[in-house]
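Structural characterization, general
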Amino acid sequence: MGSVKNKEENTSGGVPSTGSDINYCPENSGAKPTAAPLSPGPSRAAFPARPGRFRGGPGAAAPPSRRSRRAPRTMAAPALCRRCGRAAGPWGLRRAPLPPPLRRRAHEQARRARGAAGLLAAQCERGLFQEVFPAQSAEEQLPALLEPGRPPLAAYCGFDPTADSLHVGHLLPVMALLHFQRAGHDVIAVVGGATARLGDPSGRERAREPLPAGRVRAQARALRAGLERLFGNHRELFWEPGAGRLGRAALLDNARWLGREPLLRFLGGAGGRLRMGTLLSRQSCQARLRSAEGMSLAEFLYPALQAYDFLHLHRQHGCRIQLGGHDQMGNIMSGYELVTKMTGAEVFGITVPLITSTTGDKLGKTAGNAVWLNREKTSPFELYQFFVRQQDNVVEKYLKLFTFLPLEEIAHIMEMHAKEPEKWGPQKRLAAEVTKLVHGREGLESAKRCTKALYYSSVEALEEMSDQELQELFRQATSAELLLEPGMTVLDLCRKANAIPDGPSGYRKITDGGVSINGNRVTNPETVLILGQHILKNGVSLLRVGKKNYYIIKWLQL
């Protein structure tokens, strides 16, 4: 597994680094345009500068080309996919069913075609890439630049630490980075330790509450740890060492450069190249300006700071591609504008779909429906269950977006599901793949143990569960430590745990079948507790009173 190093950012080229710099390097690893929609779509992505690259200061500008004066546009996925030799619908290919022999032949041909066409066509087919910007140069240059065998490019994506954990809404930008890495390209995940102080106005009806600097730093550290875990789990569990070059991955914090940039130099350099009319024309800006609250100068300058991230990463690390959610296209355009005006280089932006709830709301902290990737906030069991509960109409799309499974295998999973829908095969496979990526192999095993214990009343699973898993599974449960006394009964247990009221009503609660121990209902209050039946091998009893009142009993001195 790649090393995690602590060192200052390398400004002389090469793999970037900051406080928590992940650098996974396998041994012997060897105009103004428009944007292009590839499939449905949040976030941003970059590396070593090549010799001869423009290295002017923040105020220097390369002479703009004629083409750079034209207004950029975006391009839809189908056009770019057709250029790569395939037609794509909004979520990838739609083929009529074929007989098994022809289907096998088609799958083999598709696999070979994807290998030849490269990363762009493959992710267009999966539906991960939604739009590419600018459209003209993306169509003319990007497919060839991303073809297998070409020199690796660098891509970056940004994550603002507005909370102390990533959530499911961040997974698709992370998946985009990982697919670039799997294709041999270098990737950078930028934690927005500076930009989080301002708050991105995109998609928001009102300004974010200002975050104290100390809190932002703490949350930035937590996000770096979460990103390290995702990159590490991917390398350890999803990448075969002999599969070719796995691109380098680095973690940076934009507070490293934005925090050191003098205000006047920034405004005179980058600020002088961004046009007010363009920034004001962005949909997110117009919506906020029309609102009763209006828009602060700090929020208005957010796109300029994000654009400067792209410029800095392009100059220092040769970054040419920024990744982000569909709602980040305006910020990506600003980054493109700044980089092309100040360096004359051709750079690109790619967006990924936004994941929404069944009501159409974007998943995240602001909407109050976040499913976190930190175990302390959302347990592996809860993450697993979130994906197991996905409906049939989205599960195939999610298998393509959230997993690395080959499309042929996904097609086979869906075929089996059509024959045996009661087994929920696609949902279980989706949940297993995502949980393993986020929490590792042990996290997946924990989720499965909790599932067996809760839904299948498995005594064996309960006996294998740790204290942490019990607390995660029964977050609202009351915990109690009791000393087992000779002849202790079910009634004694319930009263010592304060699980039933005193007197006849508590007695009736048991006789009426309202009490179970370790998933087994008990109706005789005078039943004596038995080791191995009422008390598990791990010294725990799970007491349930009614439908939802759980008590975790830890026995002392057994």
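What counts and how
Residues numbered from 1 in each chain as written. Predicted model: local features only at pLDDT ≥ 70, side-chain atom pairs only at ≥ 80, totals over all residues. Heavy atoms only, no water. Helix = DSSP H or I, 4+ residues; strand = E, 2+ residues; numbered from the N terminus. Buried < 20%, exposed > 50% of the residue type's maximum accessible area, 1.4 Å probe, protein only. Areas by Shrake-Rupley, 256 points an atom, 1.4 Å probe, with all protein chains shown as cover. Phe/Tyr/Trp six-rings, centres within 6.5 Å; stacked < 30°, edge-to-face > 60°. Lys NZ or Arg CZ within 6 Å of the ring centre and 35° of its normal. Pairing = 2+ DSSP bridges. Patch = residues over 30% accessible without salt bridge, like charges linked within 9 Å, V, L, I, M, F, W, Y side chains within 5 Å. Salt bridge = Lys/Arg side-chain N within 4 Å of Asp/Glu carboxyl O. Core = buried A, V, L, I, M, F, W, Y, C linked by side-chain atoms within 4.5 Å. Polar contact = N/O pair within 3.5 Å; in protein donor to acceptor, adjacent residues only side chain to side chain. Contact = heavy atoms within 4.5 Å. Axes fitted to C-alpha atoms, helices over the stretch in contact; angles between N-to-C directions. pLDDT = per-residue confidence, 0-100. Expected span 1.5 Å × (residues − 1). Parallel < 35°, antiparallel > 145°, perpendicular 65-115°, else oblique. Nonpolar A, V, L, I, M, F, W, Y, C, P; charged D, E, K, R; others polar.

What to know about the overall build of the protein
Across its full length, the protein holds 21 helices and 15 strands. Residues classed as buried in the protein amount to 56% of the 558 residues present. Carbon together with sulfur atoms contributes 50% to the accessible area of the protein, which is approximately 24600 Å² in total.

Some points on the packing of aromatic side chains
Following the criterion strictly, the structure yields ten aromatic pairs and no others. Here Phe474 and Tyr550 contribute two aromatic rings whose centre-to-centre distance is 4.5 Å and whose plane-to-plane angle is 35°, an arrangement assigned as tilted. In this pair, Phe474 sits in the loop between helix H19 (467–473) and strand E11 (478–483) while Tyr550 sits in strand E15 (residues 549–556), placing the two residues 76 residues apart along the sequence. In this pair, the class of Phe474 matches that of Tyr550, namely buried. Here the guanidinium or amino end of Lys377 rests over the ring plane of Trp372, the centre of that ring lying 4.6 Å away.

Some words on the pairing of E15
Judged from the six bridges that link them, E11 and E15 form a sheet pairing that is parallel. Looking at E15, one finds that Ala480 is bridged to Ile553. Here strand E14 (residues 540–545) runs beside E15; their pairing, made up of six bridges, is antiparallel. Its bridge partner lying in E15, Arg544 is registered against Tyr550. What sits between the antiparallel neighbours E14 and E15 is a turn of three residues, in which Gly546 has the positive phi angle 75°.

Details of a nonpolar patch on the surface
A grouping of Met276, Leu280 and Leu289 is seen on the molecular surface, where their side chains present a nonpolar patch of about 280 Å² in accessible area. With respect to the helices, strands and loops of the structure, Met276 is situated in helix H9 (residues 276–281).

Notes on the nonpolar core
Side chains that are nonpolar tend, in soluble globular proteins, to be buried together. Formed by 69 residues in total, the largest nonpolar core has its most connected members in Leu142, Phe180, Ile321 and Phe402. Phe266, Ala307, Met342 and Val347 belong to the second-largest nonpolar core, a separate cluster that totals 30 residues.

Quick look at the side chain of Arg449
Counting through the fold element by element, Arg449 comes out in helix H17 (residues 425–455). By relative accessible area, which is 16% here, Arg449 ends up buried. A polar contact is formed between the side chain of Arg449 and the side chain of Glu442, at a distance of 2.8 Å. Filtering out sequence-adjacent residues up to four positions away, Arg449 remains in contact with Glu442, Ala461, Glu464, Met465 and Glu469.

Concerning the sheet that holds E15
Here five strands make up an open sheet; going across it, the order is E11-E15-E14-E12-E13 and the pairing mixed. Edge strands, defined here as strands with exactly one partner in the open sheet, are E11 and strand E13 (520–522). Between one strand axis and the next, the sheet turns by 30° as a mean value, whatever way the strands run.

Things to note about the side chain of Thr340
On the secondary structure map, Thr340 appears in helix H13 (residues 329–343). For Thr340, a relative accessible area of 8% translates into the label buried.

Focus: the environment of Glu228
As for its position among the elements, Glu228 is in helix H6 (residues 213–237). Taking relative accessible area as the criterion, Glu228 reaches 16% and is therefore assigned buried. Spatially, the C-alpha atoms of Glu228 and Ala189 are 9.7 Å apart, while their sequence positions differ by 39 residues.

Comments concerning the confidence of the model for the protein
Here the protein averages 81 in pLDDT, and 77% of its residues register 70 or above. pLDDT under 50 marks residues 1–21. Its contacts with residues more than four places away, or in other chains, come to 61 contacts. Below a pLDDT of 50 lies the segment residues 23–69, which in the model reaches 232 contacts outside its immediate sequence neighbourhood of four places, other chains included.

Regarding unusual backbone geometry
For the bond running from Phe133 to Pro134, omega is -5°, close enough to zero to count as cis. Among the secondary structure elements, Pro134 is positioned in the loop between strand E5 (131–133) and helix H4 (135–145). Here Ser457, not a glycine, exhibits a phi torsion of approximately 50°, which is positive. Residue position: Ser457 is located in the loop between H17 and helix H18 (459–464). For Ser457, a relative accessible area of 39% gives the class partly exposed.

Topic: helix H12 (residues 302–317)
Taking 1.5 Å per residue as the helical rise, H12 with its 16 residues ought to reach 22 Å, and the 22 Å between its terminal C-alpha atoms agrees with that figure. In terms of burial, H12 is a largely internal element, 16 of the 16 residues being buried. Following H12 by one or two positions, Gly318 adopts a phi angle in the positive range, close to 70°.

Some details on the packing of helix H14 (residues 380–388) against H17
Two quantities define a packed helix pair, namely the angle between the axes and the distance from one axis to the other. The contact between H14 and H17 brings their axes to 7 Å, and the two run at 100°. If you check the angle between H14 and H17, you find them roughly perpendicular. Class assignment of the residues belonging to the contact of H14 with H17 gives a composition of 16 nonpolar, six polar and one charged.

Things to note about the pattern of salt bridges
Summed over the entire model, instances satisfying the criterion amount to 16 salt bridges. With a closest N to O distance of 2.5 Å, Arg375 and Glu472 form a salt bridge. Linking Arg375 in the loop between strand E10 (348–352) and H14 with Glu472 in helix H19, this pair joins segments that are 97 residues apart in sequence. Judged by relative accessible area, Glu472 falls into the buried class, the value being 7%. Asp467 is the salt-bridge partner of Lys554, the closest N and O atoms lying 3.7 Å from each other. In this pair, Lys554 is assigned in strand E15 and Asp467 in helix H19, connecting sequence segments 87 residues apart. The exposure class of Lys554 is partly exposed, given its relative accessible area of 23%.

Re the packing of H6 against H17
Axis separation between H6 and H17 bottoms out at 8 Å; the angle between their running directions is 70°. Judged by the angle between their axes, H6 and H17 are roughly perpendicular. Facing H6, whose interface residues are Arg229, Leu230, Asn233, His234 and Leu237, H17 presents Lys436, Leu437, Val438, His439, Gly440 and Arg441. Residue composition of the contact of H6 with H17, grouped by class: four nonpolar, four polar and three charged.

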